[in-house]
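Here are the chains, one letter per residue:
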Amino acid sequence: MGQGTRKRAILRMVLAGTTTAALMGCMGDEATRGAFSGERPVLTKNVKTTGRFAERVQTGETHETTPIFGFLKRKPQDDTVSRNTSSIDLGETLTGDVAEPQVALSGGTGGKESSDLIDGLLRREAVLDARSPYGKVAGSVLAANSRAAEAELRSAKLRAEAASKNWLPTIGPSLSLTSLGEFVASLVIDQVLFDNGRRKAERSFAKADVEVAAVTLAEDTNDRVFTALELYITAERGRAQAESGSRAASRLGEFAWIMEQRVRGGVSNPADVHVVNQKLAEAENQRSSDLEAARTAIAELNAMSLKSLSDVRGLGSVASAKNARPLQILRAEAEMDRDIAQASIDRAGFLPSVSGQAVLGSDGSGVGLNAGAANRFGFGTKASLKAIEATREAASRRVDQATEDQSRTMRRLEQNLISLKRQHTQGEGLLDLANENFTLFDRQYRAGQRPVMDVVSVYETKVATERDQIGLTYQIALVELQIAHHLGALVDGEDI
């Protein structure tokens, strides 16, 4: 065997082994393939499917059930049922085995590296009780979520998986035209030996990109739940104030009838009838406005919900979530890591790198080393390097600014909540005084000691105080939800 033939045989063996390694690397690990495969999850006896989301099962002898999300625990039954979310009624008890849910944040960053940020997002617990009205609203709107940000997260994970293999050699064909007019086909294998950390920075960039996408998905999910709860609070406030307005209109209608009878009997001034009728019309108009606001909010809420939420009533409790870090700070930190990684990539482009190259072609083969820099040097190279270093400092300062902004927002919300609770407590006393005054004036009126107009005036004050008190109740509930939304604690990490 000649020396040229022996060299080609060796290159063929190297090519075969390198191709096998590259193809195995492209396949990815089991965790990544499971996260992105389109196959139906394997059925187990501990879980059952309800479409996009699944419920976990509480083992034991209890038969208590809860809605679909991280709050839900159900007892397994003997039968196996698979149903789409559109066919499930809110609060319905389901039976059968369920497939393990595919949590969007599972699988880490898509590469081999783990992520403390994503692990922290998965461990987040919602501050809402699943059995409360808040939990029912959150569960229904999450079931109808299109989850557009989840597609970007999957794309970022795939990019990270591809970047995790960037240390492996690259293989590609090459076709060239010689000076004699002949085409020469060859197969080129290129392996980077030294690149001043460029490949490592590319992997770090891909990991940080996944973390940014994960935080974006968490923010979108929390924003959706908060929007739904804000609409629900608006609807509840409108309905409560409309009920109060209905009682006021009914009582003012009685006063108007009394005044009409007194005018007919020549006891009262006809102008008093017009005043009472005007107050009655204002009360009816306010009641209609409250009902319309409630109907508008409910219609919008039902449009973004899996099932109608018109029958859900009442307020729920919001647990404390002060230990949770705001999602905006997590986003700023992830973006800082990504910007620093990008700066490292840009800097490595100005530094020399060494790569080995093997060529196997029809006219022969060869092995060689290539040395050079990705970016050429010019008169602006020094300024470019300084700009790269400035990028690192700017990224760090953005985190500090985000921390300051979030701290200001949290202090403002906390003080607003304290103020609203103080106003509500004082309002209770004012409402009690208004009720006592109206009771006293009404009793004096029936005894003939007070004119009707005095009673109407006192009753109008009572109605206004009651309406303000109702408004404060729902403002407090909304601020509590705003604090939880600010901290990103409206949804369990497993439901993101």
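Residues numbered from 1 in each chain as written. Predicted model: local features only at pLDDT ≥ 70, side-chain atom pairs only at ≥ 80, totals over all residues. Heavy atoms only, no water.

(A) Highlighting the nonpolar core. The biggest cluster of nonpolar side chains holds 61 residues, and the ones touching the most others in it are Leu 121, Leu 128, Val 225, Leu 301 and Leu 490. At the level of elements, α3 (116-122), α4 (133-143), α5 (148-163), α6 (198-264), α7 (270-303), α8 (327-348), α9 (381-446) and α10 (452-486) are the ones that each hand at least two residues to this core. The greatest single-element share of this core, amounting to 17 residues, is contributed by α6. Every residue in contact with Leu 121, bar those within four places of it in the chain, is listed here: Leu 105, Ala 214, Val 215, Ala 218, Leu 327, Leu 330, Gly 493 and Ile 496. (Core = buried A, V, L, I, M, F, W, Y, C linked by side-chain atoms within 4.5 Å. Buried < 20%, exposed > 50% of the residue type's maximum accessible area, 1.4 Å probe, protein only. Helix = DSSP H or I, 4+ residues; strand = E, 2+ residues; numbered from the N terminus. Contact = heavy atoms within 4.5 Å.)

(B) Focus on the pattern of salt bridges. In total, this model carries 23 salt bridges according to the counting rule given. For Arg 392, the salt bridge goes to Glu 389, with nearest N and O atoms at 3.7 Å. Here Arg 392 pairs with Glu 389, and both are found in helix α9, just three residues apart, close to one helical turn. Of the residues examined, Glu 389 reaches a relative accessible area of 41% and is grouped as partly exposed. When the shortest N-O distance is used, the salt bridge between Asp 442 and Arg 446 registers 3.1 Å. You can see Asp 442 and its partner Arg 446 sitting in helix α9, four residues apart, about one turn around the helix. Residue Asp 442 is classed as buried on the basis of its relative accessible area of 12%. Residue Arg 446 is classed as exposed on the basis of its relative accessible area, which comes to 62%. (Salt bridge = Lys/Arg side-chain N within 4 Å of Asp/Glu carboxyl O.)

(C) The arrangement of the packing of aromatic side chains in detail. As enumerated under the stated definition, the model contains three aromatic pairs in all. The interplanar angle of 70° and the centroid separation of 6.1 Å between the aromatic rings of Phe 255 and Tyr 459 together place this pair among those described as edge-to-face. Of the two residues, Phe 255 sits in helix α6 while Tyr 459 sits in helix α10, which places them 204 residues apart along the sequence. What makes Tyr 459 buried here is its relative accessible area of 7%. Arranged with centres 4.9 Å apart and planes meeting at 50°, the rings of Phe 438 and Tyr 459 form a pair that is tilted. Of this pair, Phe 438 sits in helix α9 while Tyr 459 sits in helix α10; the two residues are 21 residues apart in sequence, bridging distant segments of the chain. (Phe/Tyr/Trp six-rings, centres within 6.5 Å; stacked < 30°, edge-to-face > 60°.)

(D) Quick peek at unusual backbone geometry. Here Asn 196, not a glycine, exhibits a phi torsion of approximately 60°, which is positive. Here Asn 196 is to be found in the loop between β6 (183-194) and α6. The class of Asn 196 is partly exposed, set by a relative accessible area of 31%.

(E) Region of interest: the packing of α8 against α9. Where α8 contacts α9, the axes come no closer than 9 Å and their chain directions differ by 175°. In terms of orientation, α8 and α9 fall into the roughly antiparallel class. Contacts between α8 and α9 involve Gln 328, Ile 329, Ala 332, Glu 333, Met 336, Asp 339, Ile 340, Ala 343, Ser 344, Asp 346 and Arg 347 from the first element and Leu 385, Ile 388, Glu 389, Thr 391, Arg 392, Ala 395, Ser 396, Arg 398, Val 399, Ala 402, Thr 403 and Gln 406 from the second. Split by residue class, the contact of α8 with α9 holds 10 nonpolar, six polar and seven charged. (Axes fitted to C-alpha atoms, helices over the stretch in contact; angles between N-to-C directions. Parallel < 35°, antiparallel > 145°, perpendicular 65-115°, else oblique. Nonpolar A, V, L, I, M, F, W, Y, C, P; charged D, E, K, R; others polar.)

(F) Representation of a nonpolar patch on the surface. On the surface, Leu 193, Phe 194 and Leu 369 cluster together into a nonpolar patch covering about 350 Å² of accessible area. With respect to the secondary-structure elements, Leu 193 resides in strand β6. (Patch = residues over 30% accessible without salt bridge, like charges linked within 9 Å, V, L, I, M, F, W, Y side chains within 5 Å. Areas by Shrake-Rupley, 256 points an atom, 1.4 Å probe, with all protein chains shown as cover.)

(G) Local environment of α6. A rise of 1.5 Å per residue sets the reference length of α6, with its 67 residues, at 99 Å; its end C-alpha atoms lie 96 Å apart and thus fit the reference within 8%. Of the residues trailing α6, Gly 266 is marked for its positive phi of about 75°. (Expected span 1.5 Å × (residues − 1).)

(H) Structural detail: α7. Taking 1.5 Å as the rise per residue, α7 with 34 residues should run 50 Å; its terminal C-alpha atoms sit 50 Å apart, in good agreement. When α7 is considered as a whole, its buried residues turn out to be Val 273, Val 276, Lys 279, Leu 280, Ala 283, Asp 290, Ala 294, Ala 297, Ile 298 and Leu 301. Check the buried side of α7 and you find it contacts α4, α6 and α10. Capping the start of α7 is the job of one residue whose side-chain oxygen sits 3.0 Å from the backbone nitrogen of Ala 271: Asn 269. (Polar contact = N/O pair within 3.5 Å; in protein donor to acceptor, adjacent residues only side chain to side chain.)

(I) Spatial organisation of the environment of Gln 406. Looking at where Gln 406 falls in the secondary structure, it is placed in helix α9. Sequence spacing of Gln 406 and Gln 328 is 78 residues, and the spatial spacing of their C-alpha atoms is 7.5 Å. Excluding residues that lie within four positions of it along the chain, Gln 406 makes contacts with Pro 326, Gln 328, Ile 329 and His 486.

(J) Structural view of the packing of α9 against α10. Packing of α9 against α10 brings their axes to within 8 Å, and their N-to-C directions diverge by 160°. In terms of their interaxial angle, α9 and α10 are classed as roughly antiparallel. The crossing of α9 and α10 is left-handed. Across the contact of α9 with α10, the residue classes tally to 18 nonpolar, 14 polar and eight charged. (Left-handed = near helix turned anticlockwise from the far one by under 90°.)

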